[in-house]
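Coordinate analysis (summary)
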Amino acid sequence: MCLIPCPRDWPRAVIRFENVTKVYARGARPALDQVSLEVERGEFVFLVGASGSGKSTFLRLVLREERPSAGKVFVAGKDLTTLSSWKVPHLRRQIGAVFQDFRLLPNKTVFENVAFALQVIGKPRHHILTTVPDTLEMVGLAGKEKRRPHELSGGEQQRVAIARAFVNRPSILLADEPTGNLDPTTSLGIMRLLDRINRTGTTVVMATHDDEIVDQMRKRVIELSSGELVRDQSRGVYGSAR
Amino acid sequence: MRLQFILSEIGIGLRRNLSMTISVVLVTFVSLTFVGAAALLQMQIGAMKDSWYDKVEVSVFLCPRDSQKPTCAGGEVTDDQKAAAKAALDAPDVKPYIQTVYFESKDEAFTAFQKQFKDQWWAAETTAADMNSSYRIKLSDPTKYQVVADVLSGRQGVEEVQDQRRLFDSLFLVLNRATLLSVGLAAVMLLAAVLLITTTIRLSAMSRRRETGIMRLVGASNLFIQLPFMLEGALAATLGAGLAVGGIWLGVKYLVTDWLGSSISWIPYVTTADVWTIAPFLVVVAIGLAAVSSLVTLSRYTKV
């Protein structure tokens, strides 16, 4: 994705897992078991697998909400296993995250919800006043700035959440079943939006159960099963049997 | 943007837990009132010492006509004994501690006695011959009483060496006990205040878990996430300190200056100026309380 020839040591992988194992304190079976993979800058990756297969653990490790029990996790060129906790906020500013349950603040308007992400990292007012409307327009919510989340449809709420995740122009966007609560038509709209964000050079990693979407998009598919990496296929489909 | 944002967050937090905030304010108010009262009692003792110790003397009573004391077995003090006592006071190892020495004769003592007790029936029988002559010694440092006592006590012709400061001891004892009581109550109330602030911050953090969750997700720094909670606690505690200062000020103004000051005027009292001296200290204690409570709570409830 370099506009000029890339330096030789330029890390092409924005996410790299090296033999990562994650065992939660009381769980007998590891949530992730010896997983090694790389996600390159600008890629769009589907993370598929049954519930409990380790998809969410994978995303939490990238966000450094968890530390691996063994192995190494590199994100944006940083080794998260040795990253000191006071540097974690800076890491997270390079990562946007979207969830199935939207996680919007009910007492703030659409504009305020998106602006919140910039306010809390100390961005100046003028920056917020120009960036937030641009981002809202990009996700297709122009004119709905003053609405509250409960006045919006599920698809629109997810667009607000995506706007909030993307407003700081992160290099990575993580989406944990972003279409899980939405009907197929609305889901398609959300996928178009994520695809558009991906085209700006943002790496997108999306965990999903939605086979139709995966089959339609024909992007790289990584399948986890009981914490093990069982398939890594470029331009893949949801089920390996198909 | 940041300051405005943090201020609005604090406002939301305080309103959301209004009853808890009020109880924090009240508990800090009461506890700091006790802290302030203890400080003022000590200042009162200090004011009395400053004013009285300048006036007090060490009295060396010389043997009168018939005394039961063993050192007075030889009858009334002789001129030799007087001269020896005076010489002891002039000795080079004692002299630096002494500012002035004044000899009070029996006649002078009798005059003072008559003036003081002229209305008492039993005073009429007393004559100048019953009086003690004495050395009245003003020390350059009133606390160095022992130096004089060591030199003169037990000497023939000296009936008693009396430190007038002793007269205040029982009063100071009462005031010191009152200070201890005040400090004890303050300690209990301060503990209650810390626990209450801790609970308040915890509640506040719980009720804003959604916000703090998003803050962490988008990469807000720890300080930024925790600052509103800390300031909330600090604000409530400072408000309590303000009330305590106000309460103590009113107490000193109306109870001490206006009431005690007009009924018993010979005692030097603490003034409202002293209240302003301890006010910053109370505010610092309040902020310290809030800071300790915040650190204990927030590290558990809003960590990255």
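1. Focus: unusual backbone geometry
Both trends apply: most residues other than glycine have a negative phi, and most peptide bonds are in trans. All names here are of chain A. If you check the backbone angles, Asn19 has positive phi at about 50° while not being a glycine. We note that Arg103 has phi near 55°; this positive angle belongs to a residue other than glycine. Along the chain, Arg103 turns up in the loop between β6 (95-99) and α3 (110-119).

2. Some remarks on the pattern of salt bridges
Residues and elements named next belong to chain A. For the structure shown, the criterion picks out 21 salt bridges over all chains. Note that Arg16 and Glu18 form a salt bridge whose closest N and O atoms lie 3.1 Å from each other. With a relative accessible area of 30%, Glu18 lands in the partly exposed category. As a salt-bridge pair, Glu223 and Arg231 come within 3.0 Å of each other at their nearest N and O atoms. You'll find Glu223 and Arg231 in the same group, each marked buried. Three or more residues joined by partner-sharing salt bridges are found here, namely Lys22, Arg60, Glu65 and Glu66.

3. Side note on helix α5 (residues 145-152) of chain B
Residue and element names in this part refer to chain B. Those residues of α5 that sit buried are Tyr145, Val148, Ala149 and Leu152. Along the long axis of α5, the arc covered by the buried residues comes to 100°, so they all point the same way. Packed against the buried residues of α5 are β1 (58-62), α3 (79-90), β3 (134-139), β4 (158-163) and α6 (166-207). After α5 finishes, the residue Gly154 shows a positive phi value of roughly 80°.

4. Quick look at the interface of chain B and chain A
Contact with chain B, which involves 18 residues of that partner, is made by 25 residues of chain A. Summing the contributions of chain B and of chain A, the shared interface buries around 1,900 Å²; its carbon and sulfur component is 65%. If you look at where chain B meets chain A, you find 0 salt bridges. There are 3 residue pairs in polar contact (both at pLDDT 80 or more) connecting chain B and chain A. Within the residue set of the side of chain B that touches chain A, elements represented by two or more residues are α1 (2-16) and α7 (209-217) of chain B. For the side of chain B that touches chain A, a count of residues per class yields 9 nonpolar, 3 polar and 6 charged.

5. Side note on the packing of aromatic side chains
Residues and elements named next belong to chain A. Applying the stated criterion across every chain, the model contains 3 aromatic pairs over all chains. Here the aromatic rings of Phe17 and Phe58 are separated by 4.4 Å at their centres, their planes lie at 15°, and the arrangement is stacked. A residue pair is termed long-range when its members are at least 10 positions apart, and Phe17 in strand β1 (residues 13-22) and Phe58 in helix α1 (residues 55-62) qualify at 41 residues. Looking at Phe58, the relative accessible area reads 1%, which means it is buried. For the ring pair Phe44 and Phe46, a centre distance of 5.3 Å and an interplane angle of 55° mean the geometry is tilted. A relative accessible area of 0% places Phe46 in the buried class. A cation over an aromatic ring shows up here: Arg103 above the ring of Phe99, its NZ or CZ 3.8 Å from the ring centre.

6. Here we look at the packing of α1(B) against helix α8 (residues 222-263) of chain B
Residues and elements named next belong to chain B. For the pair α1 and α8, the least separation of the axes is 9 Å and the interaxial angle reads 55°. When the axes of α1 and α8 are compared, the pair comes out oblique. Classified by chirality, the crossing of α8 by α1 is right-handed. Here Arg2, Phe5, Ile6, Glu9, Ile10, Gly13 and Leu14 of α1 come into contact with α8, specifically with Phe224, Leu227, Pro228, Leu231, Glu232 and Leu235. Here the contact of α1 with α8 is composed, by residue class, of 9 nonpolar, 1 polar and 3 charged.

7. A short note on the environment of A:Thr21
All names here are of chain A. Secondary-structure assignment places Thr21 in strand β1. Note on Thr21: relative accessible area 10%, which makes it buried. Taking the C-alpha atoms as reference points, Thr21 and Arg93, separated by 72 residues in sequence, lie 25 Å from one another. Dropping the residues within four chain positions of it, Thr21 is found in contact with Pro30, Leu32, Asp33, Gln34, Pro68, Ser69 and Ala70. Polar contacts involving the side chain of Thr21 include one to the main-chain amide nitrogen of Gln34, which spans 3.1 Å.

8. Some points on the pairing of strand β7 (residues 172-176) of chain A
The side chains of a regular strand alternate between the sheet's two faces. Residue and element names in this part refer to chain A. Among the 5 residues that make up β7, 5 are buried, leaving the element largely enclosed by the rest of the structure. Covered by surrounding structure in β7 are Ile172, Leu174 and Asp176 together with Leu173 and Ala175, the residues of both alternating faces. Of the pairings in the sheet, the one linking β6 to β7 comprises 5 bridges and is parallel in character. Bridged to Val98 within β7 is Ala175. Bridge analysis of β7 against strand β8 (residues 203-208) gives 5 bridges, and the strand direction is parallel. Bridge pairing in β8 links Ile172 to Thr203. Since β7 and β8 lie parallel, the crossover through helix α6 (residues 184-199) that links them has a hand, and here it is right-handed.

Conventions adopted
- Residues numbered from 1 in each chain as written.
- Chains lettered and ligands numbered in written order.
- Predicted model: local features only at pLDDT ≥ 70, side-chain atom pairs only at ≥ 80, totals over all residues.
- Heavy atoms only, no water.
- Helix = DSSP H or I, 4+ residues; strand = E, 2+ residues; numbered from the N terminus.
- Salt bridge = Lys/Arg side-chain N within 4 Å of Asp/Glu carboxyl O.
- Buried < 20%, exposed > 50% of the residue type's maximum accessible area, 1.4 Å probe, protein only.
- Arc of directions from axis to C-beta.
- Contact = heavy atoms within 4.5 Å.
- Buried area = accessible area lost by both parts, 1.4 Å probe.
- Polar contact = N/O pair within 3.5 Å; in protein donor to acceptor, adjacent residues only side chain to side chain.
- Nonpolar A, V, L, I, M, F, W, Y, C, P; charged D, E, K, R; others polar.
- Phe/Tyr/Trp six-rings, centres within 6.5 Å; stacked < 30°, edge-to-face > 60°.
- Lys NZ or Arg CZ within 6 Å of the ring centre and 35° of its normal.
- Axes fitted to C-alpha atoms, helices over the stretch in contact; angles between N-to-C directions.
- Parallel < 35°, antiparallel > 145°, perpendicular 65-115°, else oblique.
- Left-handed = near helix turned anticlockwise from the far one by under 90°.
- Pairing = 2+ DSSP bridges.
- Right-handed = clockwise from strand over helix to strand, strands pointing away.

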